[in-house]
Number of protein chains: 2
Amino acid sequence: MIPLYFKIYQQVKDDISNNVYPANSFLPSENELVAQFHTSRDTIRKALAKLDEEGLIQKRRGKGSQVISHQLRHFPISGLTSFHELKQLQKFQVVTEVPIFERITVTTGTKNITLFPVGTPLFHIVRVRIIDGIHSVIDEDYIRSDVISNLTKDIAQHSIYEYIEKSLNLSVAYAEKTITAQLITNRDRELLVGLPEEENRLIQVESQGYLADTTYFQHTIARHRPDQFQFDEFARRQTT
Amino acid sequence: MIPLYFKIYQQVKDDISNNVYPANSFLPSENELVAQFHTSRDTIRKALAKLDEEGLIQKRRGKGSQVISHQLRHFPISGLTSFHELKQLQKFQVVTEVPIFERITVTTGTKNITLFPVGTPLFHIVRVRIIDGIHSVIDEDYIRSDVISNLTKDIAQHSIYEYIEKSLNLSVAYAEKTITAQLITNRDRELLVGLPEEENRLIQVESQGYLADTTYFQHTIARHRPDQFQFDEFARRQTT
DNA sequence: GAGTGGTCTAGACCACTTG
DNA sequence: AAGTGGTCTAGACCACTCC
């Protein structure tokens, strides 16, 4: 069941992209929208709040809700969008190689790369993403195999997120990410064929993934070829 | 006037940091909080929504609101926090040099670095941030001088954001940021004294800043020494 | 003063989790 | 069946913008 406020949100969003409400124009007032959609003001406000969060509109007391003009809009990132989803949105040719696909168990001996406790059974998956012929990213995943079962190399070649959400019907709730620039290792050079010699660092996006029940289930280290890396964000100033 | 829901948000947030509600425990139910604070459920829900956004709690229907255990919590980033605020939070010794502070006007001849239209009067400010003795960041700002007036070198040495918000009483509403890795120029090497020779890229955070009335007023290009760069984010999976 | 969005209330029903 | 959070309603007052 799709909530009413969500439908209204979608409707208005569509209207914005179809220039029914062009950039810099104002949406109808909340009261007018109440009349249009035959609903309560609170429901309208929830819909507008979502648009505000996403950076599509800017609300101002006493004035109204103004459509924000877009620069960055084409890249609907931030949030937890997965690699596969992202690249699909933008017609890139992507090939995924899976040089490592194995089951391991966390031991005291293991370099403590992950935050998983000793004894946790994991999938360890390394994937190389080749975008339009360029070896661009190394994705290294550690995923709890007691939570996400029956992963296969085939699934890894497509989208693990999609499998988790659509097939297992679990939902990835949130993640903590850290972006740094790390020195290139020999293994990096082996995997990222064609990486220019003068580069000495890769851009690393490390993230911890959690399910809705707050289970920590996934640790991913994505290492990007620096000239192929871009991260976009829409940020609202905290009123805190 | 501070809204009630905001006070409740702060109260609960404090209680979380003071371990009144430890990690992984559940907050009192919304109905219980209604009784505790003698208010309506909607007000409680607004307070909890804010905590949810910030990644302090995870709400689950039928269960309750669970306190999320923190890894990354110490670094309350994401959003639009300025450099100065950030570094202050974490007791670093910061020195700021201001090698360039000038007024310019956008001309057709100008390399179109910024998105400002021709004729816009700007401050052009270059700052170098020296953190604990290490030349770490070059901040290059282009700020509309017809919007932000009376900027001085002295203000630039402290925090421009603080000046805008506290002295001009304007509010920075939102920004679009892009993170990339850019090749090092000769000017970069001159400004970032001590930058190791083997480095060939800096991490660039480019951002466009907008006021609450959607005026585009600031373009900043921050170039970070790669071994000094870190960007942390808490991201919720979009339900879109 | 009229119109806007921001806060707050009190109540209702629903979907989900747990015993 | 009882308790939880999620949605929705209808109304009130306030702070702000603009004329």
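Not measured: the values here are computed from a predicted model.

Cut-offs and rules
- Residues numbered from 1 in each chain as written.
- Chains lettered and ligands numbered in written order.
- Predicted model: local features only at pLDDT ≥ 70, side-chain atom pairs only at ≥ 80, totals over all residues.
- Heavy atoms only, no water.
- Pairing = 2+ DSSP bridges.
- Helix = DSSP H or I, 4+ residues; strand = E, 2+ residues; numbered from the N terminus.
- Axes fitted to C-alpha atoms, helices over the stretch in contact; angles between N-to-C directions.
- Near = heavy atom within 4 Å.
- Polar contact = N/O pair within 3.5 Å; in protein donor to acceptor, adjacent residues only side chain to side chain.
- Nonpolar A, V, L, I, M, F, W, Y, C, P; charged D, E, K, R; others polar.
- Expected span 1.5 Å × (residues − 1).
- Buried < 20%, exposed > 50% of the residue type's maximum accessible area, 1.4 Å probe, protein only.
- Contact = heavy atoms within 4.5 Å.
- Parallel < 35°, antiparallel > 145°, perpendicular 65-115°, else oblique.
- Left-handed = near helix turned anticlockwise from the far one by under 90°.
- Phe/Tyr/Trp six-rings, centres within 6.5 Å; stacked < 30°, edge-to-face > 60°.
- Lys NZ or Arg CZ within 6 Å of the ring centre and 35° of its normal.
- 1 Å grid on protein atoms, 1.4 Å probe; cavity = no way out; pocket = protein on both sides within 12 Å on 5 of 7 lines; lining within 4 Å.
- Points joined across faces, edges and corners; volume = space filled by probe spheres on them.
- Salt bridge = Lys/Arg side-chain N within 4 Å of Asp/Glu carboxyl O.

Draft legend 1. Representation of the sheet that holds strand S7 (residues 201-211) of chain B in the model. Pairing is antiparallel across the open sheet formed by 7 strands, whose spatial order is S9(A)-S6(B)-S7(B)-S8(B)-S5(B)-S4(B)-S3(B). Edge positions in the open sheet fall to strand S9 (231-236) of chain A together with strand S3 (94-105) of chain B, since each of these has one partner strand only. Strand after strand, the sheet turns through a mean of 15° between neighbouring axes, direction not considered.

Draft legend 2. Spotlight on the pairing of strand S1 (residues 57-60) of chain A. Residues and elements named next belong to chain A. Bridge count between S1 and strand S2 (residues 64-67): 4 bridges; the pairing is antiparallel. Looking at the pairing, Gln-58 lines up with Gln-66 of S2. Here S1 folds back onto S2 in antiparallel fashion, the turn holding 3 residues, of which Gly-62 has a positive phi close to 85°.

Draft legend 3. Expanded view of the protein's contact with DNA strand C. Neighbouring DNA strand C are 23 residues, the closest being Glu30(A), Arg41(A), Leu4(B), Thr39(B) and Lys63(B). A breakdown of the atoms of DNA strand C within 4 Å of the protein gives sugar and phosphate a share of 67%. At 2.8 Å from a phosphate oxygen of DNA strand C is found a main-chain nitrogen or oxygen belonging to Ser40(B). Thr43(B) is positioned such that a nitrogen or oxygen atom in its side chain is 2.8 Å from a phosphate oxygen of DNA strand C. Ranked by residues supplied to the surface near DNA strand C, first place goes to helix H3 (residues 41-53) of chain B with 4 residues. A per-class count over the surface near DNA strand C returns 3 nonpolar, 8 polar and 12 charged.

Draft legend 4. Representation of helix H1 (residues 4-17) of chain B in the model. Residue and element names in this part refer to chain B. Taking 1.5 Å of rise per residue, 14 residues should cover 20 Å, and H1 covers 20 Å from first to last C-alpha, within 8% of that figure. Taken together, the buried positions of H1 are Phe-6, Ile-8, Tyr-9, Val-12, Asp-15 and Ile-16. Against helix H2 (30-37), H3, strand S1 (57-60) and strand S2 (64-67) lie the buried residues of H1. One or two steps after H1, the chain reaches Asn-19, where phi turns positive at roughly 60°.

Draft legend 5. Focus on unusual backbone geometry. All names here are of chain A. Notably, Asp-132 is not glycine yet its phi reads approximately 50°, a positive angle. Within the fold, Asp-132 resides in the loop between strand S4 (121-131) and strand S5 (134-144). In this model, Asn-150 sits at a positive phi of 60°, which is unusual for a non-glycine residue. Take Asn-150: it is sitting in the loop between S5 and helix H5 (153-157).

Draft legend 6. Layout of the packing of helix H1 (residues 4-17) of chain A against helix H3 (residues 41-53) of chain A. Residues and elements named next belong to chain A. Relative to each other, H1 and H3 sit at 50°, their axes nearing to 8 Å. The orientation of H1 relative to H3 falls into the category oblique. In the crossing of H1 with H3, the sense of the turn from one axis to the other is right-handed. Counted together, Leu-4, Tyr-5, Phe-6, Ile-8, Tyr-9, Val-12 and Lys-13 of H1 and Thr-43, Ile-44, Lys-46, Ala-47, Lys-50 and Leu-51 of H3 form the full contact between these two elements.

Draft legend 7. Main features of the pairing of S9(A). Extensive coverage of S9(A) is indicated by the burial of 6 of its 6 residues. Of the two faces of S9(A), the one carrying Phe231(A), Glu233(A) and Ala235(A) and the one carrying Asp232(A), Phe234(A) and Arg236(A) are both buried.

Draft legend 8. Molecular detail of the packing of aromatic side chains. Tallied over the entire structure, the rule returns 13 aromatic pairs over all chains. Relative to Tyr216(B), the ring of Phe116(B) has its centre 4.4 Å away and its plane inclined at 10°; by these criteria the two rings are stacked. Here the residue Phe116(B) occupies a position in the loop between S3 and strand S4 (121-131), and Tyr216(B) occupies one in strand S8 (residues 216-224), the gap between them amounting to 100 residues. By relative accessible area, which is 7% here, Phe116(B) ends up buried. Judged by relative accessible area, Tyr216(B) falls into the buried class, the value being 12%. Between Tyr174(B) and Tyr210(B), the aromatic rings sit 4.8 Å apart at their centres with planes inclined by 10°, giving stacked as the arrangement. Of this pair, Tyr174(B) sits in strand S6 (residues 172-183) while Tyr210(B) is found in strand S7, placing the two residues 36 residues apart along the sequence. In this structure an aromatic cluster arises from ring pairing among Phe116(A), Tyr174(A), Tyr210(A), Tyr216(A) and Phe234(B). Over the face of the ring belonging to Tyr9(A) we find Lys50(A), whose NZ or CZ atom lies 5.2 Å from the ring centre.

Draft legend 9. Seen up close, empty space enclosed by the protein. By the definition in use, this model includes 1 cavity of 30 Å³ or more. Contributions of two or more residues to the lining of the largest cavity are made by strand S7 (201-211) of chain A together with S7 of chain B. Split into classes, the residues belonging to the lining of the largest cavity amount to 6 nonpolar, 2 polar and 4 charged.

Draft legend 10. Quick look at the pattern of salt bridges. Residue and element names in this part refer to chain B. Tallying each qualifying case throughout the model produces 22 salt bridges over all chains. Across the pair Arg-223 and Asp-188 runs a salt bridge, and its minimum N-O distance is 2.7 Å. Note that Arg-223 is positioned in strand S8 and Asp-188 in helix H7 (residues 186-191), a separation of 35 residues in sequence. In this structure, Arg-223 and Asp-188 share a single accessibility class: buried.

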